[in-house]
Every structure is written in C-alpha cells, then in structure tokens.
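Below, each chain spelled out in residue letters.
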Amino acid sequence: MQNLSNLDVNGKRVLVRVDYNVPVKDGVVQDATRITASLPTIEKLLEGGASVVLMSHFGRPKNGPEEKYSLRPVAETASKALGRDVKFIASLPGSEETLQAVQALKPGEVALLENVRFEAGEEKNDAELNDKLAKLGDAFVLDAFGSAHRAHSSVSGVASKLPHAAGGLLQNEVDALGKLLNSTEHPYVVIIGGAKVSDKIKVIENLLPRVDKMLIGGGMMFTFIKARGGQIGNSLVEDDQVEYAGGLLDKYGDKLMLPTDAVAADKFAADAESRVVPADQIPDGWMGLDIGPDTQKAYAEALKGAKVVFWNGPMGVFEFEKFAAGTNAVAAAVGSLKNQAYTVVGGGDSVSAINKSGKADQIDHISTGGGASLELLEGKELPGVLAME
C-alpha cells in the first residue's frame, strides 16, 4: 500500500478518514480507543506541515441529520486526546459551508466534519459526493480500518480523486492481521466467542486448517454442544447452524475445544440466580451465560506454550459482572503470553473486554476493526485496502 512517506503534505490540507464510531452515552465518549489509535497519523501529518480534516461515520442514521448521531461530543474528546483544539464543523460534509470552513484552516490546525452518513450518497459511493469530498483536501489518507471493508464515498470513492496513502493505523492493522493468515509458527491457538456461529463461519473455516487449537466460547458454544446431543436448556442457539457445527466437529474434532462446564442463569439479567453445571446439561428454563471454572483452566492450559494467538469474541455476557469471569480468565491467560507469543485481539466486544480486564497493555495488537478484521481473516479483499494500493 501507499504509505504516508509517499505524500508531500507540507502546506497541504489533508483529508483523513478515521473511525470515530465510538460508544457515546449522555454526550460523553465511553471508550476512546479508536480516537487514541488515530493520533499517531494525525500528529505525523501535523509535523509534516499539514492542516488536517477528519471525517468519520457515527452510528446508522436513516433519515439525514439526527442529533443523537452527531459527532460533536467526539470532537471534544479528540481535542483532549490530541492536546490541541479540534474544530467541529456542524454543516453537512458535502456542503459549501463546510468547504469554506476547511479552506480557512491553517497548517497545524485540525477540524472534524459532521457525520458523513448524514449525506445520502455516502453508502452508495455516489460520484457527486465523491467530487464534493475531494474538494475538502489536497490529499487523502485512509486510517479507518474499521470501515475499510465498505466501498463508501468516504472510504474508497474519494481515494480515486486525490493523491492518497494508508495511515499508520491501517498499515498496522493489515500487517498484524496478515501475520495471522501467513504465520508458520506453532502452536497456533485461536479463541472464538460471541453470540452466533453464523457471524464467524468464514473466519472459522479459513483459520481452522491453519491452527493447532480453536477454543469455542460465548453463546455460539451451545450450537456446537447441541450438535453433539447436549442439553442446553434455554441457552442461545442457532438451530439452522447445528448441522453445520456438527460437520465441523466431525472434520476438525481434534482441533476444536468446547467448554465442559458453564455458568447457567435462571434469567438474562445481572442479578440472575446462577450455578455452575456441565455445559451439556443446562437445566430446562435456565441458560448458559459464561464458561465455567473447569473450562477456564482448560483453556488457559491450552494456551500455554502458544506462539501465535488470536482472540475474537467474549466467553460470556461479560457486561454483567457475575458472568465476566470466563472472559477475564481468557484475557489473563492471553496477557500472560507477553514476550512469548504473538497475540492479537480483534472485534468490538473483544476490545471492550480486554480493556475492561486491564490486560490491554499485554497484547501485541488490538484491532480497531470489527467487521473489517473478520472479513480480512476470511480471506476477502477490502475495498479500502485495495484503494490504497
């Protein structure tokens, strides 16, 4: 990919696509990981003498501008993180008012545009919007790996109109995840959690032939357990994936590890009554919400000596403290491999989980891209990455 060293930015206005689709509650950013991850690219451009125009999507607005999807609170957090004022431009990104505002920027200044999805043409990769966005900069930098799997105007469309390069975050993501696809080091262990098998089918299929062990957790474990004839009570299950899961177990049974015990609850709530039961013997009316203590120990043991580790998806409903022990145990086990293995954590919930566990500083690479991470690991070509070649 073209990188920042290929761009002369001195005295130029650089349009940077970032991924500031961060959790916001009551006007306050709850997790600034993606904002912090964008800072090295922004700082390098400023050091090179550029003014910087940031653009991002936020949420899924359906009918144009909506206050709850405004990036205004994100601009405030970005200002604090960057240590300098990030001007917020409230007009539509493709408007004349926005063009005039960014043209007034001086080298060393930074602005953040309003939510690019407020523009109807964004997700259609509209040619007219591409032209309007291209007027906002002299060069374009894509640093939003979390959006690189989308052929949208602000991702690949504008790249065709301006001199362009991949930002440091995008480059690091592609390099880090590429190692997972091309690694020849073993043992290679993958931990897959989250709610649904259907969300991870292609990743599971693409990685299973490459790995030595794949540890299954989260809600998806009950689809596999049901495929083996287990009793799962009211646990989450994808009945249309049971046969598929059974086929994987038949083909890769020596690699796939399933939980032997689970923390079951009488309801889906933080204050639910809970008990540890065999994972294939969930009582009627109860549901499994976490892997149990025996499974935690077995998974930690399976990770010992690993040289490459990828973790995607929590082991249980970690948002509820009572059902976070499994996820925290896996985080501790992966973190303990620092300086012994190459470790990567990917996916939105996984990033939240590793941050919440306090083990983030022990991980080699934490991916900021949820769907993009998975699509790259599925073996797909990402429109944003292709646009940077």
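Residues numbered from 1 in each chain as written. Predicted model: local features only at pLDDT ≥ 70, side-chain atom pairs only at ≥ 80, totals over all residues. Heavy atoms only, no water.

Below, the discussion takes up the packing of aromatic side chains. Under the definition given, this model contains one aromatic pair. The ring of W286 has R275 sitting right over it, with the charged end atom 4.0 Å from the ring centre. (Phe/Tyr/Trp six-rings, centres within 6.5 Å; stacked < 30°, edge-to-face > 60°. Lys NZ or Arg CZ within 6 Å of the ring centre and 35° of its normal.)

Let us look at the packing of helix α6 (residues 168-182) against helix α13 (residues 371-378). Interhelical geometry of α6 versus α13 gives an angle of 40 degrees and a closest axis separation of 9 Å. Considering their axes alone, α6 and α13 lie oblique with respect to each other. The two elements α6 and α13 cross, and the hand of that crossing is right-handed. Here V174, L177, L180 and L181 of α6 come into contact with α13, specifically with S373, L376 and L377. Per-class residue counts for the contact of α6 with α13 are six nonpolar, one polar and no charged. (Axes fitted to C-alpha atoms, helices over the stretch in contact; angles between N-to-C directions. Helix = DSSP H or I, 4+ residues; strand = E, 2+ residues; numbered from the N terminus. Parallel < 35°, antiparallel > 145°, perpendicular 65-115°, else oblique. Left-handed = near helix turned anticlockwise from the far one by under 90°. Contact = heavy atoms within 4.5 Å. Nonpolar A, V, L, I, M, F, W, Y, C, P; charged D, E, K, R; others polar.)

If you walk across this open sheet you meet the six strands as β12-β10-β9-β17-β18-β19, and the pairing is parallel. Every other strand in the sheet has two partners, leaving β12 (256-257) and β19 (365-366) as the edge strands with one partner each. In this sheet, strand β17 (residues 308-312) lies alongside strand β9 (residues 188-192) in parallel orientation, the contact comprising five bridges. Within β17, the residue paired with I192 across the bridge is N312. (Pairing = 2+ DSSP bridges.)

Turning next to the packing of helix α10 (residues 293-303) against helix α11 (residues 325-335). Packing of α10 against α11 leaves a shortest axis separation of 9 Å and a crossing angle of 20 degrees. Between α10 and α11, the angle is such that the two are roughly parallel. Here the hand of the crossing between α10 and α11 comes out right-handed. On the side of α10, the interface is formed by Q296, A300 and L303, while α11 contributes A325, G326, A329, A333 and V334. A class-by-class count of the residues in the contact of α10 with α11 yields six nonpolar, two polar and no charged.

A complete count under the given rule lists seven salt bridges for this structure. Close ionic contact of K132 with E128 constitutes a salt bridge, the shortest N to O distance being 3.7 Å. Of this pair, K132 and E128 both sit in helix α4 (residues 127-134), separated by four residues, roughly a single helical turn. For E128, a relative accessible area of 52% puts it in the exposed group. K161 is the salt-bridge partner of D131, the closest N and O atoms lying 3.2 Å from each other. (Salt bridge = Lys/Arg side-chain N within 4 Å of Asp/Glu carboxyl O. Buried < 20%, exposed > 50% of the residue type's maximum accessible area, 1.4 Å probe, protein only.)

Now for the environment of D175. Along the chain, D175 turns up in helix α6. The exposure class of D175 is partly exposed, given its relative accessible area of 40%.

This part covers the UniProt feature "binding site: (2R)-3-phosphoglycerate" (unreviewed entry) in the protein. The UniProt entry lists R34, R117 and R150 under the feature "binding site: (2R)-3-phosphoglycerate" (unreviewed entry), expressed in the numbering used here. When you line up the elements, R117 lands in the loop between β6 (110-113) and α4. Within the structure, the side chain of R117 is placed 2.9 Å from the backbone oxygen of G59, a separation counted as a polar contact. The residue R150 is located in the loop between β7 (139-142) and α5 (153-157) in this model. Beyond its immediate stretch of four places on either side in the chain, R150 contacts H57, R60, R117, V155, S156 and P383. (UniProt positions renumbered as here; feature names shortened; annotations may be inferred. Polar contact = N/O pair within 3.5 Å; in protein donor to acceptor, adjacent residues only side chain to side chain.)

Both faces of strand β18 (residues 342-345) are covered, namely the face carrying Y342 and V344 and the face carrying T343 and V345. In this structure, β18 lies alongside β19, joined through two bridges in parallel fashion. Following the sheet pairing, V344 is matched in β19 by H365.

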